Amino acid sequence: MANITLTAFWRQQQIAHGTLSALIQQIQSANIQDETVFIFNDRSGKRLDIHLHGDIASTLAVYPELAESSVVRTRGRPKLGVSAKEVTLLPRHWEWLASQPGGASATLRRLIDQARKSSDAADSKRQRHDRAYHFMYEIAGDLPDYEASLRALFADDEAAFTAGIKNWPQDIRQYALRLAFGKEEDHQQG
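Presented here is an overview of the structure given in this document.

The rules we used
Residues numbered from 1 in each chain as written. Predicted model: local features only at pLDDT ≥ 70, side-chain atom pairs only at ≥ 80, totals over all residues. Heavy atoms only, no water. Helix = DSSP H or I, 4+ residues; strand = E, 2+ residues; numbered from the N terminus. Buried < 20%, exposed > 50% of the residue type's maximum accessible area, 1.4 Å probe, protein only. Contact = heavy atoms within 4.5 Å. Areas by Shrake-Rupley, 256 points an atom, 1.4 Å probe, with all protein chains shown as cover. Pairing = 2+ DSSP bridges. Axes fitted to C-alpha atoms, helices over the stretch in contact; angles between N-to-C directions. Arc of directions from axis to C-beta. Phe/Tyr/Trp six-rings, centres within 6.5 Å; stacked < 30°, edge-to-face > 60°. Salt bridge = Lys/Arg side-chain N within 4 Å of Asp/Glu carboxyl O.

### A word on the overall build of the protein chain
And step 1. Assigned secondary structure in the protein chain consists of seven helices and four strands.
And step 2. In the protein chain, the succession of α and β elements from N to C terminus is β-β-α-β-β-α-α-α-α-α-α.
And step 3. Sorting the 190 residues of the protein chain into buried and exposed places 31% on the buried side.
And step 4. Across the protein chain, every contact between residues at least 6 apart in sequence was considered, and the portion connecting residues at least 24 apart equals 50%.
And step 5. Approximately 12,500 Å² of the protein chain is accessible, and the part contributed by carbon and sulfur atoms is 50%.

### Looking at the sheet that holds strand S4 (residues 47-48)
And step 1. Pairing is antiparallel in the open sheet, where four strands are placed in the order S2-S1-S3-S4. Lying at the two open borders of the sheet, with one neighbouring strand each, are strand S2 (13-18) and S4.
And step 2. In this sheet, strand S3 (residues 38-41) lies alongside strand S1 (residues 6-10) in antiparallel orientation, the contact comprising four bridges. Note on S3: the bridge partner recorded for Thr 7 is Phe 40.
And step 3. Those strands touched by helix H1 (residues 20-30) are S1, S2 and S3, and its axis lies near 145 degrees from that of S2.

### Observations regarding helix H5 (residues 146-154)
And step 1. All of the buried residues along H5 are Tyr 146, Ser 149, Leu 150, Ala 152 and Leu 153. Along the axis of H5, the buried residues cluster in a sector spanning 165 degrees; they form a single face. Those residues of H5 that are exposed and aimed more than 90 degrees away from the buried face are Glu 147 and Arg 151.
And step 2. Positive backbone phi, at 60 degrees, marks Asp 156, one or two positions downstream of H5.

### Some thoughts on the environment of Arg 131
And step 1. Along the polypeptide, Arg 131 turns up in helix H4 (residues 103-139).
And step 2. Here the alpha-carbon distance between Arg 131 and Ser 44, two residues 87 residues apart in the chain, equals 4.8 Å.
And step 3. When sequence neighbours within four positions are dropped, the list of residues in contact with Arg 131 reads Asp 42, Arg 43, Ser 44, Gly 45 and Leu 179.

### Some remarks on the packing of aromatic side chains
And step 1. Counted according to the given criterion, the structure contains nine aromatic pairs.
And step 2. With centroids separated by 6.1 Å and ring planes inclined at 75 degrees, the aromatic side chains of Phe 9 and Phe 40 adopt a geometry described as edge-to-face. Here Phe 9 is found in strand S1, whereas its partner Phe 40 is found in strand S3, with 31 residues between them in sequence.
And step 3. By relative accessible area, Phe 40 is classed as buried at 0%.

### A closer look at the pattern of salt bridges
And step 1. Taken as a whole, this structure holds five salt bridges when the rule is applied.
And step 2. The shortest N-O distance in the salt bridge between Asp 123 and Arg 126 comes to 3.6 Å. Here Asp 123 and its partner Arg 126 are both found in helix H4, three residues apart, which amounts to about one turn of the helix.
And step 3. Among the residues examined, Asp 123 registers a relative accessible area of 27% and is labelled partly exposed.
And step 4. Look at Arg 126 and you get partly exposed, because its relative accessible area is 43%.
And step 5. Among the ionic pairs, Arg 128 bridges to Asp 156, the shortest N-O distance being 3.1 Å. On the criterion of sequence distance, the pair formed by Arg 128 in helix H4 and Asp 156 in the loop between H5 and helix H6 (158-164) is long-range, its members being 28 residues apart.
And step 6. Residue classification places Arg 128 among the buried residues on the basis of a relative accessible area of 15%.
And step 7. Residues joined in a network through salt bridges with shared partners are Asp 123, Arg 126 and Asp 130.

Here is the structure:
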């Protein structure tokens, strides 16, 4: 799995972007003293409470998913990424799984792959909306047309969303657009 990247904002400007260690170095070199910095997980859009004057180990204790090259040792077939976890089913489900070719694990993997393929577009859309909403909630609630932009976001109306955020600070506007629709803003807009 790829490293999670983070984006930091200070006074409505993006001041840093990258992995945890790169982000902390960029913020510390920006010399912003003890002013508030908003740090967001690019994958989820959620704000993270990272103490910039602490060490990386203490941050990783709270957010282990931010480790840059973590090796997870678990039961199962780790080279394939297989891990053993508990599944609770009714007896009729276990009976049906036992009758399937390849056994219970293979059948469950096939069923999950089929479900993922059939719901990929809807899941992607929901994740985009959630990611952008989390960011907007934390940083854009007082900006003009906030409510209208949220309605456009959840309607998946990119044109209305772009119009709703047009008067926002450039860095916030660009990040919201990237989280919501995976697109970069045209630099012709001002």
